[in-house]
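Structural description and commentary
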Amino acid sequence: RVSKMSESEQQLKEQVQQQSVMSSVQNMLSKVSGNCFRKCVDYPKGSLLGSEQRCLNLCMDRYLDSYNLVAKTFFRRLERE
């Protein structure tokens, strides 16, 4: 026999899921930032060169576009099931 969750239990479950998603996104952005920094910045200095800034922006854009594509595909598949 399956018992129904109370409203407060359901809210708590949703909060935990949201926190888990936020943690995953923060971890992903941290990894992406590190990867892009290593790719785009040869030698760290006081400020970024214009070419380094452009490289970082393009790199982050590519990662985020890829992430969005994967996420949309994943959610479409979930909806079909």
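Above this note sits the structure.
This section reports on the structure supplied with the text. (Residues numbered from 1 in each chain as written. Predicted model: local features only at pLDDT ≥ 70, side-chain atom pairs only at ≥ 80, totals over all residues. Heavy atoms only, no water.)

**Let's talk about the environment of phenylalanine 37**
- Relative to the helices and strands, phenylalanine 37 is located in helix α1 (residues 7-40).
- The class of phenylalanine 37 is partly exposed, set by a relative accessible area of 37%.
- Taking the C-alpha atoms as reference points, phenylalanine 37 and lysine 13, separated by 24 residues in sequence, lie 36 Å from one another.
- Non-local contacts of phenylalanine 37, meaning those with residues more than four positions away in its chain, are made with Pro44 and Leu56. (Helix = DSSP H or I, 4+ residues; strand = E, 2+ residues; numbered from the N terminus. Buried < 20%, exposed > 50% of the residue type's maximum accessible area, 1.4 Å probe, protein only. Contact = heavy atoms within 4.5 Å.)

**Quick word on the pattern of salt bridges**
- The final tally for this structure, using the stated rule, is one salt bridge.
- A salt bridge links lysine 45 to glutamate 52, with the shortest nitrogen-to-oxygen separation between them at 3.0 Å.
- The exposure class assigned to lysine 45 is partly exposed, which follows from its relative accessible area of 45%. (Salt bridge = Lys/Arg side-chain N within 4 Å of Asp/Glu carboxyl O.)

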